[in-house]
Number of protein chains: 2
Amino acid sequence: MWCVTVKHILIDTRLFQGKGWGLSMISDIELTKDGPIYLQIRDYIKQMILKGFMSRGQKLPSTRDLSQTLGVSRNTIILAYEYLEDEGFIEIVRGKGSFVSDINIDYPSLWKMDWNPRLTPYASLAVDLDIVKHEPKWKKGMISFKSIAPDDKLFDVEDFKRAFLNRFSLEGEKLLNYGYAQGYKPLIDYLLNYMQNKGVDIQDKSILITNGFTEGFNIILTSLSKPGDYILCENPTHNTALKIMKLYEQKIVGIPMDEDGINLEELEKGLREKPISMGFLIPSYHNPTGIVMSPDKRAKVLKTFAKHRIPIIEDGFNEELRYSGSHMSPLAALCGSGNSIIYIGSLSKVLFPGLRIGWILADKELISQLVSVKRSRDIHTSFLDQALLYEYLAAGNLDRYLKKARREYREKYDFAINCANMYIPSKRILGEGGLHIFVELAEKIDARQVLEECIKRNVIFMPGDIFYTDGKGLNTLRLGFARSSLQEIEKGFKIIGKVVEKFII
Amino acid sequence: MWCVTVKHILIDTRLFQGKGWGLSMISDIELTKDGPIYLQIRDYIKQMILKGFMSRGQKLPSTRDLSQTLGVSRNTIILAYEYLEDEGFIEIVRGKGSFVSDINIDYPSLWKMDWNPRLTPYASLAVDLDIVKHEPKWKKGMISFKSIAPDDKLFDVEDFKRAFLNRFSLEGEKLLNYGYAQGYKPLIDYLLNYMQNKGVDIQDKSILITNGFTEGFNIILTSLSKPGDYILCENPTHNTALKIMKLYEQKIVGIPMDEDGINLEELEKGLREKPISMGFLIPSYHNPTGIVMSPDKRAKVLKTFAKHRIPIIEDGFNEELRYSGSHMSPLAALCGSGNSIIYIGSLSKVLFPGLRIGWILADKELISQLVSVKRSRDIHTSFLDQALLYEYLAAGNLDRYLKKARREYREKYDFAINCANMYIPSKRILGEGGLHIFVELAEKIDARQVLEECIKRNVIFMPGDIFYTDGKGLNTLRLGFARSSLQEIEKGFKIIGKVVEKFII
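Residues numbered from 1 in each chain as written. Chains lettered and ligands numbered in written order. Predicted model: local features only at pLDDT ≥ 70, side-chain atom pairs only at ≥ 80, totals over all residues.

### Thoughts on the overall build of chain A
From N to C terminus, chain A includes 18 helices and 15 strands. A compact globule built from 505 residues should have a C-alpha radius of gyration of about 23 Å, whereas chain A, at 30 Å, is more than 25% larger. Summarising its shape, the C-alpha atoms of chain A cover approximately 90 × 60 × 50 Å along the three principal directions. When the 505 residues of chain A are sorted by exposure, 53% land in the buried category. Here the analysis covers contacts within chain A between residues at least 6 apart in sequence; of these, 74% occur between residues at least 24 apart. (Helix = DSSP H or I, 4+ residues; strand = E, 2+ residues; numbered from the N terminus. Rg over C-alpha atoms; globule rule 2.2 N^0.38 Å. Buried ≥ 20, exposed ≤ 12 C-beta atoms within 10 Å, placed from the backbone. Contact = placed C-beta atoms within 7 Å.)

Structural data, given as structure tokens:
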């Protein structure tokens, strides 16, 4: 059998160099308020050793001398030295002192390579389609309508803190250790019930917890779509979804929208003429138009897909932001006990997008397969986050929060719609709720030129073309209002309107 | 312009059906202690409506009647009704009462489809290679050596709680909203400094935060490997890494290991004879053998790869679990200012695997590209978790914790090595630390048969063959000991030993 031996280094005490040298070097350290002092001293000495300023066998200052020089307690120095010994950087010899170990610091610089030619088409495309890298950036002082993230000032941080303290005291250790790929069981059960309350028949259905919509959509496409497959969606559609479809080399068939949702004739034509493998739809508060598909149209759309035996991926992204009107069933509810709808849920546009929690609700057997895909991607979603979200939801916080958030957002929404009508000359303004409205300018106006001019006037928004499947929408823009004050909305829309007017003449 | 209208439903008061009927139906509700009462009542009525037991225009019991029948306060009922109205399920008419809205509950059951034939080769392989689905499962009462997860009883939950309270009070709202794909800046800076203290030259390097090692390795392979590429690794190697390499259709060249790490002659041969695109190595506390590559060999391995101009993905997975001996530089440190090492770090084997936080340290330019790939996969890793880990680390908790954990694990490790030598007849026993040891039985003994017999005796472990690139290792097993008591280790190893003895005869 092969044995483990602890290698003790040889200390050549002839290398001892008096107390002055090492001491003056170490006393150069600048202690800050960030983190414990003994760790700062440890790290400083480590760097001295790693950079070759202190070499093998060199004696370190005595703990007494160093503590006096640095004006810290001797225990602090002792602790720092103990850690250094623990990690193999120094050796403490009783009665003799502490000595630098035999650390190989003579690192020859290895070759430099050019990683760029090695990037896969996938990675290159992910870079090319990364709007964060290519779209104009928000700068301090700008009024921004770019984002459709929620207003974090509305978050109930105290409720969330309470959820943490409750859940953590129940099972803190467990939550910090490995969990299960499918997700945290109480959260899965909660969400099944939640979906049932939207009218979904959950018999033979199951849920997989994902890192938000984005991972959910990735998991579905990587599991169910082959490169070159035809996928049908609304045109325009969610730009992240568009990006992911392109990354999976899908041929995208975009169907134009009416004011009550996707155009039925064009849908029928698309399904008939192309070998569509799946549909991707956003029936409620569609991104970017804000359109809500009418109940009548929902039923017809479902029937059309069913006739052609094509499944649908439904993005329930904004469903919770209903400000008024009657109950609107997701497609996943309208299909009854059918299993051809894969529903992706997320609360990210309502609360806590920073946690990155979403879910896929679908056929039980299918979910079981997707669980393996999820495990291969990242083992599971943070168990702590899942448990905190569960605790927060189970205490009834979501409902209370939504009441408050809807009131707040509805006020902004109404105001934004009014301001847009009043100040921005447009062909039409779309949006029935949610956290954004969508503006179509006169055909010939280039929204990117408008954007350029607006940025000079410290207003930024999202150009609409990035949402289109076919390079159109050059005269459109999306205005997210959740994080702007009413004053900012009025001021910003006025500026946009004035810029647009210039282009009309 | 198209306008938003709130559709008010027509209430046909002729449908009013007296107070008895609806009341008796709702009074069947069984109220539990889970969650607020008003939400339970809301959800119950929702289900009655969705299932068609209460239909359009039907009058709900008055809030007074229902509160008396259920024995809850009238405000509770009022609140429940308000939520139902808010969500469009009922309409409250002043002076008349509350009426069920026009909810389409006539969901025709759509077609049922068979999802299985649609699964991509990727998804099918992920299912096939999912050891959680195919390996024998732990059952209650068993002594388990299957896992190499840390012992969560060692976690400092109080320190973690303090980290939460500190960080959350500073920026709770912010942490719950969207963050950045690259990661939480203070954590990135902390980890850069941490890597520098391992001797890494961080000039022109950068860090991307990932959901653990698993996502990190996925991001690297999806960005830098093409199907059919040759990848070289130790044989045996980390089974999750093996799975991911197979999922990305890599041709795997496994190089046998000596007791101080990968065999140099075979490495040279592998690099010479095959068009290797990348290497994947685990230099410290290798999974599954527990071998630590010697400093001398590290330098030679680096030189060999550099000669052939082949980059290396280094898995630093267990580096923190050094129990004794001198400082061991990661390859990422030994390459100096070179950029051909991509280092994947994780603290998951030490603390908080449930949080799923890892990092990739690599060439700055490359990281900038990988950030876009990360964004396309899941936007970013939980900002709350990253901030909590940062707060925990910056307060010096990791160092204190490691001192404690190392002491505990070293005791178990020493004990496990001794027990294995004493009780399990073997060809050799490997392991220099970490949370597991590796046993090679006599050539002809089938570890899976041993496992089968052991399970009957309530002992379970990980058969070694799953770690091999070439179907070998049938006589090997990995014994994880972190979560077992000394008594369990002794008892379990004795049982394994006795089973092995049977197979020798």
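### Considering unusual backbone geometry
Following Asn 235 of chain A, the chain continues into Pro 236 of chain A via a peptide bond in cis, with omega recorded as 5 degrees. Omega for the bond connecting Asn 287 of chain B with Pro 288 of chain B falls within 30 degrees of zero, at 15 degrees, which places this linkage in the cis form. Its location among the elements puts Pro 288 of chain B in the loop between β8 (276-281) and α12 (295-307). Backbone geometry places Asn 458 of chain A, a non-glycine residue, at a positive phi of 65 degrees. Within the secondary structure, Asn 458 of chain A sits in the loop between α17 (447-456) and β14 (459-463). Of note, the phi angle at Ile 379 of chain B is positive, near 65 degrees, even though the residue is not glycine. Of note, Ile 379 of chain B is situated in the loop between α14 (364-378) and α15 (383-394). We classify Ile 379 of chain B as buried; it has 22 C-beta atoms within 10 Å.

### Concerning the sheet that holds strand β10 (residues 341-346) of chain A
Residues and elements named next belong to chain A. Pairing in this open sheet of 8 strands is mixed, and the strands run β4-β11-β10-β9-β8-β5-β6-β7 from one edge to the other. The strands lining the two open edges of the sheet, one partner per strand, are β4 (205-210) and β7 (261-262). Bridge analysis of strand β5 (residues 230-235) against strand β8 (residues 276-281) gives 4 bridges, and the strand direction is parallel. Bridged to Cys 233 within β8 is Phe 280. (Pairing = 2+ DSSP bridges.)

### Quick notes on the relation of the copies chain A and chain B
Once chain A is rotated about the relating axis by 180 degrees and shifted along it by 0.0 Å, it coincides with chain B to within an RMSD of 0.1 Å. Accordingly, the operation relating the two chain copies is best matched by a two-fold axis. Here 98% of the contact residues of chain A are again contact residues in chain B; the copies associate through an equivalent surface. (Least-squares fit on C-alpha atoms with pLDDT ≥ 70 in both.)

### Some remarks on the interface of chain A and chain B
With 123 residues of chain A at the interface, the matching set in chain B holds 121 residues. With 10 residues, the top contributor of residues to the side of chain A that touches chain B is helix α7 (residues 157-176) of chain A. Residue composition of the side of chain A that touches chain B, by class: 55 nonpolar, 35 polar and 33 charged. (Nonpolar A, V, L, I, M, F, W, Y, C, P; charged D, E, K, R; others polar.)

### As for the pairing of strand β13 (residues 436-440) of chain A
Residue and element names in this part refer to chain A. Of all 5 residues making up β13, 4 are buried, and the element is well covered by its neighbours. Where strand β12 (residues 428-430) meets β13, 3 bridges bridge the pair, whose relative direction is antiparallel. Across the sheet, Arg 428 pairs through a bridge with Glu 440, a residue of β13. Bridge analysis of β13 against strand β15 (residues 476-480) gives 5 bridges, and the strand direction is antiparallel. Bridging across to β15, Val 439 finds its partner in Leu 477.

### Quick notes on the domain arrangement of chain A
One can read the domain layout of chain A as domain 1 (13-100), domain 2 (123-153 + 400-504) and domain 3 (154-398). Averaged C-alpha coordinates put domain 1 of chain A and domain 3 of chain A at centres separated by 56 Å. (Domains from an automatic or database assignment.)

### Quick word on the nonpolar core
Core analysis: the largest hydrophobic core is formed by 271 residues, its most contacted members being Ile 360 of chain A together with Ile 360 of chain B. If we skip the residues at most four places from it in the chain, Ile 360 of chain B touches Ile 207, Leu 208, Thr 210, Gly 216, Ile 219, Ile 220, Ile 342, Ile 344, Ile 367 and Leu 370 of chain B. (Core = buried A, V, L, I, M, F, W, Y, C linked by C-beta atoms within 7 Å.)

### Re the sheet that holds strand β4 (residues 205-210) of chain B
All names here are of chain B. Reading across the sheet, the 8 strands line up as β4-β11-β10-β9-β8-β5-β6-β7 and stay open at both edges, with mixed pairing between neighbours. Pairing within the sheet leaves two strands with one partner each, and these edge strands are β4 and β7 (261-262). Direction of pairing for strand β5 (residues 230-235) relative to strand β6 (residues 251-258): parallel, over a ladder of 6 bridges. When the sheet's bridge partners are listed, Tyr 230 is paired in β6 with Lys 251. Contacts from helix α8 (residues 185-196) reach β4 and β11 (358-363) within the one sheet, and its direction differs from that of β4 by about 125 degrees. Its contacts with the sheet place α14 against β4 and β11, and it is angled at close to 20 degrees to β4. (Axes fitted to C-alpha atoms, helices over the stretch in contact; angles between N-to-C directions.)

### Re the environment of Arg 162 of chain B
Residues and elements named next belong to chain B. Structurally, Arg 162 is set in helix α7 (residues 157-176). On the basis of neighbour counts, which here come to 15 C-beta atoms within 10 Å, the residue Arg 162 falls in the partly exposed class. Separated by 226 residues in the primary sequence, Arg 162 and Leu 388 have C-alpha atoms spaced 9.4 Å apart.

### Overview of the pairing of β4 of chain A
If a strand is regular, its side chains alternate between the two faces of the sheet. Residue and element names in this part refer to chain A. With 5 of 6 residues buried, β4 lies mostly within the body of the structure. Pairing of β4 with strand β11 (residues 358-363) involves 6 bridges; the strand directions are antiparallel. In the sheet register, Thr 210 faces β11, and the bridge partner there is Gly 358.

### Focus: helix α11 (residues 264-273) of chain B
Residues and elements named next belong to chain B. Within α11, the full set of buried residues consists of Leu 267, Gly 270 and Leu 271. One side of α11 holds all its buried residues, which, seen down the axis, span an arc of 95 degrees. Residues of α11 that are exposed and angled more than 90 degrees away from the buried face: Glu 265, Arg 272 and Glu 273. Taken together, the buried residues of α11 touch β5, β6, β7, β8 and α12. (Arc of directions from axis to C-beta.)

### Some words on the packing of helix α5 (residues 121-128) of chain A against α14 of chain B
Interaxial distance between α5 of chain A and α14 of chain B falls to 8 Å at its minimum, and their mutual angle equals 85 degrees. Comparing the axis directions of α5 of chain A and α14 of chain B gives the class roughly perpendicular. On α14 of chain B, the residues that touch Ala 123, Ala 126 and Val 127 of chain A of α5 of chain A are Gln 369, Ser 372, Val 373 and Ser 376 of chain B. Its residues assigned to classes, the contact of α5 of chain A with α14 of chain B shows 4 nonpolar, 3 polar and no charged. (Parallel < 35°, antiparallel > 145°, perpendicular 65-115°, else oblique.)

### Looking at the packing of α7 of chain A against α7 of chain B
It is the contact of α7 of chain A with α7 of chain B, at a shortest axis distance of 11 Å, that shows an interaxial angle of 145 degrees. Note on packing geometry: the crossing formed by α7 of chain A with α7 of chain B is right-handed. Side by side, α7 of chain A and α7 of chain B meet where Val 157, Phe 160, Lys 161, Phe 164, Phe 168, Gly 172, Glu 173 and Leu 176 of chain A of the first sit next to Val 157, Phe 160, Lys 161, Phe 164, Phe 168, Gly 172, Glu 173 and Leu 176 of chain B of the second. The residue makeup of the contact of α7 of chain A with α7 of chain B, split by class, is 10 nonpolar, 2 polar and 4 charged. (Left-handed = near helix turned anticlockwise from the far one by under 90°.)

### Here's the deal with the confidence of the model for chain A
Mean pLDDT over chain A stands at 91; residues scoring 70 or higher make up 94%. Counting contacts from residues 1-20 of chain A, a segment whose pLDDT is below 50, to residues more than four positions away or on other chains yields 29 contacts. (pLDDT = per-residue confidence, 0-100.)

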